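Analysis of the macromolecular model
Each chain, letter by letter, is given below.
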There are 2 protein chains.
Amino acid sequence: MNINEVARKAGLPAKTIRYYEEIGLIRPLRGGNGYRAFRDSDMHKLSFIARARGLGFSIEECRKLLALYDDKGRASADVKALAEEHLVQIAGKIRELRAMEATLQGLVRACAGDHRPDCPILTGLADAGDACCA
Amino acid sequence: MNINEVARKAGLPAKTIRYYEEIGLIRPLRGGNGYRAFRDSDMHKLSFIARARGLGFSIEECRKLLALYDDKGRASADVKALAEEHLVQIAGKIRELRAMEATLQGLVRACAGDHRPDCPILTGLADAGDACCA
DNA sequence: CTTGACCTTCCCGTGACTGGAACCCCTATC
DNA sequence: GATAGGGGTTCCAGTCACGGGAAGGTCAAG
């Protein structure tokens, strides 16, 4: 398979696939013309990576997951530990975003939103009011 | 005021303040020795930026907010529109993260997490199972 | 033989900084 | 006067995960 076919099937841009090869996530073969020749196993790895990225795993986490995927003697506990650590990260980001959202909603509610210049949003940002930062 | 004093008061690293000057967010004066000389107004702007960044506004959004802050004839509606647009972005990110979290929690729950190699997390990532991506 | 689609590498740009090197300035002490 | 230290300055490179685009090789069809 050539790169664009793989890209379509995996749902990734060709550029991204070249990048993944460059950083050693995948190692496709090469044809005599210099074109990358993707095997089914490369395809599967790319789909795997695409889904892991879709769940928010970083490239380095994907690398670890791929290593476990390839290691037939792995312990599922190791995979679960990685996933649970990532869940903690996700939960932390959600908490941060919800705090931002709450603060900003408070400011927006207080703002008339008309033609006048008085704006509680700006004064809230300027004065370090009690309604501030996460 | 010199840069480190301002940095301490605004709760920003000195490096960040130099960066903000470089991109034109602030324009502190210069003393005869080449040192930056921050006025109170620079201080206020930096605190303003720090809080806006803490609420997740991008640098370019901060630039717009600062312009409105400086414009005594602004309409609060303009500020409110910016804030509401940002709230939409935040809500979108929260939704994405919650979807990731839900999917990953489902996989983690299904995983025994013992010494055996069988792992629903890995097969879930590999097989594009029905329990997948946001 | 040419056209056009595909492939290749290479290099620069993104956002918002962070780290480090190399160097100037100011004060205090010996 | 020399020196030590704790400021400050600039510039360069790196981060993360790619994306854009140029310059050029390859392939199948007409």
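None of the values given here were measured: they were computed from a predicted structure. The numbers attached to residues start from 1 for each chain and follow its sequence in the written order. Working convention: letters from A go to chains and numbers from 1 go to ligands, in the order in which they are written. Where totals are concerned, whole chains, interfaces and linings use all residues; where local detail is concerned, this predicted model gives features only for residues with pLDDT of at least 70, and gives and counts side-chain atom pairs only at 80 or more. Hydrogens and water molecules were not included; the side-chain quantities draw on all heavy atoms of the structure.

So, about the overall build of chain A. Helix and strand assignments come from DSSP, with helices taken as H or I runs of at least 4 residues and strands as E runs of at least 2, each series counted from the N terminus. The number of helices and strands found in chain A is six helices and two strands. Over its C-alpha atoms chain A spans a radius of gyration of 23 Å, topping by over 25% the 14 Å that the globule rule assigns to 134 residues. In terms of its C-alpha atoms, chain A occupies a principal-axis envelope of roughly 70 × 40 × 20 Å. When the 134 residues of chain A are sorted by exposure, 43% land in the buried category. Any two residues whose heavy atoms approach within 4.5 Å at even a single point are treated as in contact. Pairs at least 24 apart in sequence give 42% of the contacts found in chain A among residues at least 6 apart. With an accessible surface of roughly 7200 Å², chain A has 49% of that area assigned to carbon and sulfur atoms. The charge count treats Lys and Arg as positive and Asp and Glu as negative. His and the chain ends do not count. In this description, the location of a charge corresponds to atom NZ of lysine, CZ of arginine, CG of aspartate or CD of glutamate. Averaged over its 21 positive side-chain charges, chain A has a centre that lies 8 Å from the centre of its 18 negative ones. Only C-alpha atoms enter the radius of gyration, while the globule expectation follows 2.2 Å times N to the 0.38, with N the number of residues. A 1.4 Å probe rolled over the protein chains alone gives each residue an accessible area, and that area as a share of the maximum for its type sets the label: buried under 20%, exposed over 50%, partly exposed in between. Only the protein chains shown count as cover for residues, and the accessible areas themselves come from Shrake-Rupley with a 1.4 Å probe.

Time to look at the protein's contact with DNA strand D. The environment of DNA strand D is made up of 19 residues, and the closest members are Lys15(A), Thr16(A), Tyr20(A), Asn4(B) and Arg36(B). Counting only atoms of DNA strand D within 4 Å of the protein, the fraction found in sugar and phosphate groups is 70%. For this analysis, a polar contact is any N or O atom pair within 3.5 Å, provided that within protein one partner can donate a hydrogen and the other can accept it, and provided that sequence-adjacent residues contribute only side-chain to side-chain pairs. Contact distances for DNA strand D include 3.3 Å between a phosphate oxygen and a side-chain N or O atom of Asn33(A). Only α2 (14–22) of chain A together with α1 (3–10) and α2 (14–22) of chain B provide two or more residues apiece to the surface near DNA strand D. Ten residues, namely Ala, Val, Leu, Ile, Met, Phe, Trp, Tyr, Cys and Pro, are considered nonpolar, four, namely Asp, Glu, Lys and Arg, are considered charged, and the remaining ones, Gly among them, are considered polar. Its residues placed into classes, the surface near DNA strand D shows seven nonpolar, six polar and six charged. For this description, a residue counts as near a given molecule or strand if any of its non-hydrogen atoms is within 4 Å of it.

Looking at DNA strand C, there are 19 residues lining it, with Asn4(A), Arg36(A), Lys15(B), Tyr20(B) and Arg53(B) nearest. Near-protein atoms of DNA strand C (within 4 Å) split between backbone and bases, with sugar and phosphate holding 71%. The side chain of Asn4(A) places a nitrogen or oxygen atom 2.6 Å from a phosphate oxygen of DNA strand C. Within the backbone of Arg36(A), an N or O atom sits 2.7 Å from a phosphate oxygen of DNA strand C.

Both copies of the chain are related by one operation, a rotation about an axis with a shift along it. Alignment of copies: least-squares fit on C-alpha atoms of residues with pLDDT of at least 70 in both copies. Once chain A has been moved 0.0 Å along the axis and rotated by 180 degrees, it coincides with chain B to within an RMSD of 0.1 Å. The relationship between the two copies is best expressed as a two-fold rotation axis. Looking at the rotation axis and the C-alpha trace of chain A, the residue lying nearest is Ile94(A), at 3.0 Å. Interface residue correspondence from chain A to chain B reaches 100%, placing this contact among same-surface, isologous pairings.

As a further point, take the interface of chain A and chain B. It is common to give the size of an interface as the accessible area lost on bringing the parts into contact. On the side of chain B, 53 residues touch chain A, which itself brings 53 residues to the contact. Within this document, salt bridges are pairs made up of a side-chain nitrogen of Lys or Arg and a carboxyl oxygen of Asp or Glu, the two lying within 4 Å of each other. Run the count over chain A and chain B and you get zero salt bridges. Here chain A is connected to chain B by 16 residue pairs in polar contact (both at pLDDT 80 or more). Per-element accounting of the side of chain A that touches chain B gives the leading share, 21 residues, to helix α5 (residues 76–110) of chain A. Among the residues making up the side of chain A that touches chain B, the classes are represented as 31 nonpolar, ten polar and twelve charged.

All names here are of chain A. Every axis corresponds to a line fitted to the C-alpha atoms, with the helix fit spanning only the stretch in contact, and the corresponding angles, defined between N-to-C directions, vary from 0 to 180 degrees. Across the interface, helix α3 (residues 40–54) lies against helix α4 (residues 59–70) with an axial gap of 10 Å and an inter-helix angle of 135 degrees. Judged by the inter-axis angle, α3 sits oblique to α4. The two elements α3 and α4 meet at a crossing, and its hand is right-handed. Of the residues in α4, those touching α3 at His44, Lys45, Phe48, Ile49, Ala52 and Arg53 are Ile59, Cys62, Leu65, Leu66, Tyr69 and Asp70. The cut-offs work like this: below 35 degrees is roughly parallel, past 145 is roughly antiparallel, 65 to 115 is roughly perpendicular, and the gaps in between are oblique. Should the near helix be turned anticlockwise from the far one by less than a right angle, the crossing is termed left-handed; should it be turned clockwise, right-handed.

Before going further, it helps to examine the UniProt feature "domain: HTH merR-type" (unreviewed entry) in chain A. UniProt positions are given in the numbering used here, feature names are shortened, and annotations may be inferred rather than shown by experiment. Annotation from UniProt places "domain: HTH merR-type" (unreviewed entry) at residues 1–68 of chain A. Taken end to end, residues 1–68 of chain A is 62% helix and 6% strand, and its first and last C-alpha atoms sit 25 Å apart.

What follows covers the nonpolar core. Remark: nonpolar core denotes a set of buried residues (Ala, Val, Leu, Ile, Met, Phe, Trp, Tyr, Cys) joined through side-chain atoms within 4.5 Å. Formed by 84 residues in total, the largest nonpolar core has its most connected members in Leu46(A) and Leu46(B). Contact partners of Leu46(B), with chain neighbours within four places excluded, come to Val6(B), Ala10(B), Leu12(B), Ile17(B), Tyr20(B), Ile26(B) and Phe38(B).

What follows deals with the environment of Leu82(B). Residue and element names in this part refer to chain B. With respect to the helices, strands and loops of the structure, Leu82 is situated in helix α5 (residues 76–110). Residue Leu82 is classed as buried on the basis of its relative accessible area, which comes to 11%. For the pair formed by Leu82 and Asp70, sequence separation is twelve residues and the distance between their alpha carbons is 16 Å. Excluding residues within four positions of it along the chain, Leu82 makes contact with Phe57, Glu61, Lys64, Leu65 and Leu68.

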